[in-house]
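Commentary on secondary and tertiary structure
Listed below are the residues making up each chain.
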Amino acid sequence: MSKTIELGVQGMTCASCVGRVERGLGKVEGVQRASVNLATERATVTYDPEQTGPQALIARVKDVGYEPVVGEIELGVQGMTCASCVSRVERALKKVDGVLDASVNLATERATVRYLPSSVSAGQLKAAVKGAGYEVLEAQAGRDRTDLEREAREQEIHGLRRAVTFSAVFALPLALLAMVPMLVPAVNDWLMSTFGHGVMTTLNWVMLALAVPVQFGPGMRFYRLGWKALRNRSPDMNSLVMIGTSAAFFYSLVVTLAPQVFPEGTAHVYYEAAAVVITLILLGKYFEAIAKGRSSEAMKKLLSLQAKTARVVRGGQELELPTDEVLIGDLISVRPGEKVPVDGEVTLGNSFVDESMITGEPIPVAKQAGAAVVGGTINQNGAFQFRATKIGADTALAQIIKLVESAQGSKPPIQGLADRVVSVFVPIVIGIAALTFLIWMVVGGSTALSFALVTTVAVLIIACPCAMGLATPTSIMVGTGKAAELGVLFRNGAALEGLQGANVVAVDKTGTLTKGKPDLTDLVTAPGFDRTEVLKLVAAAEEQSEHPIARAIVDAAKREGMAILPLEGFEAVPGYGLEARVEGRLVQVGADRYMQRLGLSVDNFAAQAERLGDEGKSPLYAAIDGQLAAVIAVADPIKEGSPEAVKALHRQGLRVAMITGDNARTANAIARQLGIDEVLAEVLPGGKSDAVKELQGKGQKVAFVGDGINDAPALAQADVGLAIGTGTDVAVETADVILMSGDLRGVPNAYALSRATLRNIKLNLFWAFAYNIVLIPVAAGVLYPAFGWLLSPVLAAAAMGFSSVFVLSNALRLRSFRPPVRPDPVPTRAGTATPARA
């Protein structure tokens, strides 16, 4: 059977474009017909779904040079309880024609759907979720997503609390009636002597009256959701509870109504098992809902940073407007203690701003005219005005929130194992339960039916896959949220998992290990020459050059309060240096080979030149009026946190490699200062990705750290790319991890958090799988022949609830993660972000 979908196509301008797109789509195997409309910019494609699909069609549109229109939507999904629910919602969404991909996260209760807007609407996606048996959280006017999700979570918790309380009111006396006579023989004897054998019939009717409100009150949720799951041929936790409690309840109902059909002494009721199981499972869900709310605490903090209003200056008046009404270019006034509403540049006034939730650094940063401010940060004790430069989804905070949400909703590779197991787990459990029932019916003797019922119900209840579904997403959710608090952004769960597997950290030198801006570090004069005079003349000669070394010399002279003298003549000597006349004096600056060309010996400076080279500095020479006047050293200073970061990486068992374009001697000198293990020097700007390949060729998994701008190829080539950014530079497309503070000390912190999160996930998965592997056979009664032990359905329900709560509680431990490196505060300058206190 063929399908027809519509694709939005952008970039077409004429009939030739139409023809190209039609021919391109027509060549895709399985496409029967393709028709493109230039006016509507849509392609209508009929195809065989067994041979091709929307992804292939989109790829072909891109191949022929046009841009397919793809939408993405996030839906809040309520009612999911376990990994089977996640699978069912994903399958329901993917079945909708026009849906490219759907990913559902149980911890955040959100579905992320990529779809073709021309073929499917948001309403159809919501209908698919509802058709699968779940509710969709819909936005309402005047209320933001934070409010809606908080209210929905509160309603869920309130509803579960009410259901648990209602169930407990009936289940507790029911359990006492059933258990006390068995556990206290004196009570049983008193009942029999006082009321006779008919007392058991009376008690059965009383217990039935207590069980019905639980079974068909709060217990109806399991019937409603479990039946839909069975009908869709994808049974889940609700199905297991429904089958198990129904078996216990209706068996007991037959015993109560027609006890004569059972052999004498075998007509036992299990009302308390059904009622207490339902109560305990609801109690576990209640604790789970509370823990889930705590797991998103970091996300709530980020969302709460967004200012609701802004004080906009228009027409000479200050107007308090919603932030979504702010326009680029608006002047905004900020008073002491207020949040900065959007990103911008200070135009008037000065203050200190707390940028800790953006960079992780708690020390307030000075702001004055020309300094950048970031929306969501908090003004301290001054007042200022700034001009809005980024609003809405373009602000740094909005991008951070988007990245964190994307990471929290993603599935790391380790999740694949859990997904594969869960896809077959519940059907296997039902099969084991059926086999358990049959075996006990064969070997159970006169009490076979009772034994078969108890063990079957215990198997169904103990095997809930909730813990499996929560094991990975909750840890990813808490881990990425904690990382955001520390100024580290993981683009997705795969990056969080991949970083801990690296064994070599390759670091770009300029701008990463070093400040990226050369400084004049040494100026040693020959006898007869004055340092100040030499610096003044050399700075004047270098004023016309844009070379970084020239700028470093000129900046040094300006810092010392020197006026730059006018040039009377200037000539660059390619490959050697420069020559200039300043106030009638001849000034020549260049490398040692330039001095040799001029016939000047540099031997008098040999000791100083060797020392400078060993320190990783680049020596230059200056000649004035034909005489060697000074040796000058310019170097790119090492960042304050680089030595500590390298030491921390070594403590974590990682090798550190440096990739640089510097000559080998200078590079090795810097490597010695920092304790770097391996140096790849004299690498051309375009060769950094090849350098990463060279390291990978040795069988090493490489994490590359660069500035995220000119290091894009190397970031993409590495197994994990880490971009050293700033508080506002968060949209580095090629990086897997972004360090917003601009501090290399964020690398060992990110690595440590990655390791902690993976350990947390593995422990969760181990618990979830081991719990089922060990307890399902126990529930089935394998220990009864040897020890006489049977697992009560009540204990099975308690254990099942505990497994989910354990997984969530274990994930929440990541909130107390302590980073291995805590940099000391460093002086800040107006308009610059400080290194993160991770």
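These numbers were taken from a predicted model, which means no experiment stands behind them.

**Considering the overall build of the protein chain**
The secondary structure content of the protein chain amounts to 29 helices and 30 strands. The burial tally for the protein chain puts 53% of its 838 residues in the buried class. Contacts spanning at least 24 positions in sequence make up 68% of the contacts within the protein chain whose residues lie at least 6 apart. Carbon and sulfur atoms form 56% of the exposed surface of the protein chain, whose accessible area is close to 36,100 Å².

**Regarding the pairing of strand E13 (residues 351-354)**
What you see with E13 is a clean split: Ser-351 and Val-353 sit on the buried side and Phe-352 and Asp-354 on the side with no burial. Relative to strand E14 (residues 365-367), E13 runs antiparallel, the two sharing three bridges. Within the sheet, the bridge partner assigned to Ser-351 lies in E14 and is Lys-367. Direction of pairing for E13 relative to strand E16 (residues 378-379): antiparallel, over a ladder of two bridges. The residue bridging Val-353 from the neighbouring strand is Asn-379, located in E16.

**Here we look at the nonpolar core**
The biggest cluster of nonpolar side chains holds 136 residues, and the ones touching the most others in it are Met-80, Leu-93, Leu-125 and Phe-490. The element contributing the most residues to this core is helix H27 (residues 746-780), with 15 residues. In terms of domain composition, this core takes at least three residues from each of domain 2 (69-137) and domain 4 (486-508 + 639-749). Within the second largest apolar cluster, 42 residues are counted, among which are Ala-541, Val-587, Leu-620 and Leu-628.

**Considerations on the state of the cysteines**
Evaluation of the coordinates by the stated rule reveals zero disulfides. Cys-85 supplies the cysteine sulfur nearest to Cys-82, a cysteine that is in no disulfide, at a spacing of 3.9 Å. The class of Cys-82 is buried, set by a relative accessible area of 0%.

**Re helix H29 (residues 793-812)**
Taking 1.5 Å as the rise per residue, H29 with 20 residues should run 28 Å; its terminal C-alpha atoms sit 29 Å apart, in good agreement. Along H29, the positions that sit buried rather than exposed are Pro-793, Ala-796, Ala-797, Met-800, Gly-801, Ser-803, Ser-804, Val-807, Leu-808, Asn-810, Ala-811 and Leu-812.

**Some remarks on the sheet that holds strand E7 (residues 110-115)**
What the four strands build is an open sheet, ordered E6-E7-E5-E8; its pairing is antiparallel. In the strand order of this sheet, the two ends are held by strand E6 (99-105) and strand E8 (135-137), each with one partner. Mean inter-strand twist for the sheet, computed between neighbouring axes without regard to direction, equals 35 degrees. The sheet contact formed by E6 and E7 spans six bridges and is antiparallel.

**Remarks on the pairing of strand E19 (residues 504-508)**
Across the five residues that make up E19, a large majority, five, are buried. Residues Val-504, Ala-506 and Asp-508 line one face of E19 and the alternating positions Val-505 and Val-507 line the opposite face, and both faces are buried. Pairing between E19 and strand E28 (residues 702-706): four bridges, direction parallel. Each residue of the ladder has a partner; that of Val-505, found in E28, is Ala-703.

**So, a nonpolar patch on the surface**
On the surface, Val-212, Phe-216, Met-220 and Phe-250 cluster together to form a nonpolar patch covering roughly 310 Å² of accessible area. Positionally, Met-220 belongs in helix H8 (residues 220-231).

**What about the pattern of salt bridges?**
Close approach of charged atoms lets side chains of opposite charge pair. Throughout the structure, instances matching the rule amount to 19 salt bridges. Between Asp-97 and Lys-3 there is a salt bridge; the shortest N-O distance is 3.0 Å. Of the two residues, Asp-97 sits in the loop between helix H3 (83-94) and E6 while Lys-3 sits in strand E1 (residues 3-10), which places them 94 residues apart along the sequence. Look at Asp-97 and you get partly exposed, because its relative accessible area is 35%. The salt bridge involving Arg-655 is made with Glu-678; its shortest N-O contact spans 3.3 Å. Residue Arg-655 is located in strand E26 (residues 655-659), and its partner Glu-678 is located in strand E27 (residues 678-680); the two are separated by 23 residues in the primary sequence.

**A few points about the UniProt feature "transmembrane region" (unreviewed entry) in the protein chain**
On the UniProt side, "transmembrane region" (unreviewed entry) is annotated at positions that read residues 163-184, 190-216, 237-258, 270-291, 421-443, 449-472, 765-784 and 790-812 here. Taken end to end, residues 237-258 comprises 95% helix and 0% strand; its first and last C-alpha atoms sit 31 Å apart. As a span, residues 790-812 carries 87% helix and 0% strand, and end to end its C-alpha atoms are 34 Å apart.

**Regarding the packing of H27 against H29**
At their nearest, the axes of H27 and H29 sit 9 Å apart, and the two run at 170 degrees to each other. In terms of axis orientation, H27 runs roughly antiparallel to H29. Judged by residue contacts, Asn-760, Leu-763, Asn-764, Trp-767, Tyr-771 and Leu-775 of H27 engage Ala-796, Ala-799, Met-800, Phe-802, Ser-803, Phe-806, Val-807, Asn-810 and Ala-811 from H29. Its residues assigned to classes, the contact of H27 with H29 shows 11 nonpolar, four polar and no charged.

**A look at the sheet that holds strand E17 (residues 384-390)**
Read across the sheet, six strands follow the order E10-E9-E11-E17-E12-E15 without closing on themselves; strand pairing throughout is antiparallel. Of all strands in the sheet, those with a lone pairing partner are strand E10 (317-322) and strand E15 (372-373), marking the two edges. In this structure, strand E9 (residues 309-314) lies alongside E10, joined through six bridges in antiparallel fashion. Across the sheet, residue Val-313 finds its bridge partner in E10, namely Glu-318.

**Quick word on the packing of aromatic side chains**
By the definition in use, this model includes 16 aromatic pairs. Through successive ring pairs, a cluster of aromatic residues spans Phe-216, Tyr-223, Phe-249, Phe-250 and Tyr-271. In this structure, Arg-597 is placed above the aromatic ring of Tyr-576, and the distance from its NZ or CZ to the ring centre is 4.6 Å.

**Some remarks on helix H9 (residues 237-257)**
The end-to-end C-alpha separation of H9 is 30 Å, in line with the 30 Å expected for 21 residues at 1.5 Å each. Counting buried residues along H9, 15 of its 21 residues qualify, which places the element largely inside the surrounding structure.

**A few points about the packing of H8 against H9**
In the contact formed by H8 and H9, the axes pass within 8 Å of each other and the chain directions differ by 120 degrees. The two elements H8 and H9 meet at a crossing, and its hand is left-handed. Residue-level inspection shows Phe-222, Tyr-223, Leu-225, Gly-226, Trp-227, Ala-229 and Leu-230 of H8 in contact with H9, the latter providing Met-237, Asn-238, Ser-239, Val-241, Met-242, Ser-246 and Phe-250. Among the residues forming the contact of H8 with H9, the class breakdown is 10 nonpolar, four polar and no charged.

About the thresholds
- Residues numbered from 1 in each chain as written.
- Predicted model: local features only at pLDDT ≥ 70, side-chain atom pairs only at ≥ 80, totals over all residues.
- Heavy atoms only, no water.
- Helix = DSSP H or I, 4+ residues; strand = E, 2+ residues; numbered from the N terminus.
- Buried < 20%, exposed > 50% of the residue type's maximum accessible area, 1.4 Å probe, protein only.
- Contact = heavy atoms within 4.5 Å.
- Areas by Shrake-Rupley, 256 points an atom, 1.4 Å probe, with all protein chains shown as cover.
- Pairing = 2+ DSSP bridges.
- Core = buried A, V, L, I, M, F, W, Y, C linked by side-chain atoms within 4.5 Å.
- Domains from an automatic or database assignment.
- Disulfide = S-S within 2.5 Å.
- Expected span 1.5 Å × (residues − 1).
- Axes fitted to C-alpha atoms, helices over the stretch in contact; angles between N-to-C directions.
- Patch = residues over 30% accessible without salt bridge, like charges linked within 9 Å, V, L, I, M, F, W, Y side chains within 5 Å.
- Salt bridge = Lys/Arg side-chain N within 4 Å of Asp/Glu carboxyl O.
- UniProt positions renumbered as here; feature names shortened; annotations may be inferred.
- Parallel < 35°, antiparallel > 145°, perpendicular 65-115°, else oblique.
- Nonpolar A, V, L, I, M, F, W, Y, C, P; charged D, E, K, R; others polar.
- Phe/Tyr/Trp six-rings, centres within 6.5 Å; stacked < 30°, edge-to-face > 60°.
- Lys NZ or Arg CZ within 6 Å of the ring centre and 35° of its normal.
- Left-handed = near helix turned anticlockwise from the far one by under 90°.

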